[in-house]
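Descriptive structure summary
Listed below, chain by chain, are the residues.
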Amino acid sequence: MALLQIRVEGDDMLKRKAKPVKEVTPDIISLLDDMLETLNSKDGVGIAAPQIGKLKRIAIVSHDDELFEMINPEIVETEGTQTSNEACLSVPGRCGDVERPFQITVKATDRNGEEYTVTVDDFLASVFCHELDHLDGVVFLDKAANIQMINQEQMEEHRRNRRARRREKRAIVRRKHS
Ligand SMILES: [Zn+2]
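I will try to describe carefully the structure that is included in this document. Since this is a predicted model, take the numbers as computed values, not measurements. (Residues numbered from 1 in each chain as written. Predicted model: local features only at pLDDT ≥ 70, side-chain atom pairs only at ≥ 80, totals over all residues.)

**Thoughts on the sheet that holds strand β5 (residues 94-100)**
Within a beta sheet, neighbouring strands are joined by backbone hydrogen bonds and run either parallel or antiparallel to one another. Taking strand neighbours across the sheet as the criterion, the three strands line up as β4-β5-β8 in an open arrangement whose pairing is antiparallel. Each edge of the open sheet carries a strand with a single partner, namely β4 (82-86) and β8 (145-149). The sheet shows a mean angle of 20 degrees between the axes of neighbouring strands, direction not considered. Strands β4 and β5 of the sheet are contacted by helix α2 (residues 122-134), whose axis makes an angle of about 65 degrees with β4. (Pairing = 2+ DSSP bridges. Helix = DSSP H or I, 4+ residues; strand = E, 2+ residues; numbered from the N terminus. Axes fitted to C-alpha atoms, helices over the stretch in contact; angles between N-to-C directions. Contact = placed C-beta atoms within 7 Å.)

**A look at the nonpolar core**
Formed by 31 residues in total, the largest nonpolar core has its most connected members in Met35, Ala59, Ile60 and Phe128. Broken down by secondary-structure element, the contributors of at least two residues to this core are α1 (26-41), β1 (46-48), β2 (58-63), β3 (66-79), β6 (103-109), β7 (115-121) and α2. For this core, the leading source of residues is α2, giving seven residues. Contacts of Met35, omitting those with residues within four sequence positions, involve Leu4, Ile47, Ala49, Ile52 and Ile60. (Core = buried A, V, L, I, M, F, W, Y, C linked by C-beta atoms within 7 Å. Buried ≥ 20, exposed ≤ 12 C-beta atoms within 10 Å, placed from the backbone.)

Interpretation note: all reported values are geometric properties and have no functional meaning in isolation.
Structural data, given as structure tokens:
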């Protein structure tokens, strides 16, 4: 496994649309492993392949002991709206409020090449939407209101709050293989 360099705002990779994965090859599996290691090293909740310079439709969300590896994810249903404060590994030093669906159902392929659907709400729904936006070249700043500068200390506090909220809101509604 390897730590990958995270692209930051201003990098063209973050503005481009990622391409579908045709087949889950060993390279794709090691990319998933590297993305997770990189995500964990930054204490993050989610990461998308364009953030590490790969224009592939792959995103990972790590939620307590639950890991969602999504290859070619598609949102198939949404319900309601919510607004929450977001930050991004690719946008160091800033956060902002983003309106997202309250609940979403995503269809994706896992590392075994099997298709599954997952429905999440609240905190996780906003994280999933944030990561899936990266696959279309969209960063949260493009949608955010009340964008604020935050320093390193506040960034850590933001992460602590997100982690606490994540624990509080165990928000996986359904998860099944099709
Ligand atoms: Zn992000």
